[in-house]
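Each chain, letter by letter, is given below.
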Amino acid sequence: MPAPNLFLVYVSDVERATAFYSDLFDAEPVVTTPRYVPFEVAPGVLFALWSGRADRLAPGTPRTSEVGLMVPGPPAAIDEIHAAWAAKGVTVVEEPHDEVFGRTFVAADPDGNLIRVSPVD
């Protein structure tokens, strides 16, 4: 059986989300459509923005999942990313701190989707 290779993030404004993630991850989408924008994050693995059901998402809906960015290197590498994202105006919902798995922080995209930065497991 194949491993998961498509990760969808629901967004209310595809253009805004595309600009946000393109800048945040310094990446260009594979293709841009009015409701679906995929980024290839590894060979055969897509991280995609999807607004096909945005009309069914309530702004106050709590987000219960996170996109993860695992960073190699020492804890200072996490702090450097935090500083760079904060300088871009990214909303940080959990400041850098130490957890059982290492240094981490959590940011949010314009729709409130969570992005956790942590060390490589």
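Rules used throughout
- Residues numbered from 1 in each chain as written.
- Predicted model: local features only at pLDDT ≥ 70, side-chain atom pairs only at ≥ 80, totals over all residues.
- Heavy atoms only, no water.
- Helix = DSSP H or I, 4+ residues; strand = E, 2+ residues; numbered from the N terminus.
- Pairing = 2+ DSSP bridges.
- Axes fitted to C-alpha atoms, helices over the stretch in contact; angles between N-to-C directions.
- Contact = heavy atoms within 4.5 Å.
- Buried < 20%, exposed > 50% of the residue type's maximum accessible area, 1.4 Å probe, protein only.

Focus: unusual backbone geometry
Turning to step 1, where the next piece is worked out: The phi dihedral of D26 is positive, around 50°, even though this residue is not glycine.
Turning to step 2, where the next piece is worked out: For D26, the location among the structural elements is in the loop between α1 (14-25) and β2 (36-42).

Regarding the sheet that holds strand β5 (residues 91-99)
Turning to step 1, where the next piece is worked out: One open sheet accounts for 4 strands, arranged β4-β7-β6-β5; its pairing is mixed. On the outer flanks of this sheet lie β4 (66-71) and β5, each paired with one strand and no other. On average, each strand axis in the sheet is inclined to that of its neighbour by 15°, with strand direction left out of account.
Turning to step 2, where the next piece is worked out: Of the pairings in the sheet, the one linking β5 to strand β6 (residues 102-108) comprises 6 bridges and is antiparallel in character. Pairing of H97 across the sheet is with T104, part of β6.
Turning to step 3, where the next piece is worked out: Along the sheet, α1 contacts β4, β6 and β7 (114-119); its crossing angle with β7, the most-contacted strand, is approximately 10°.

A few points about the environment of P72
Turning to step 1, where the next piece is worked out: Topologically, P72 is positioned in the loop between β4 and α2 (75-87).
Turning to step 2, where the next piece is worked out: Looking at P72, the relative accessible area reads 62%, which means it is exposed.
Turning to step 3, where the next piece is worked out: Residues P72 and W85, 13 residues apart in the sequence, show an inter-C-alpha distance of 17 Å.

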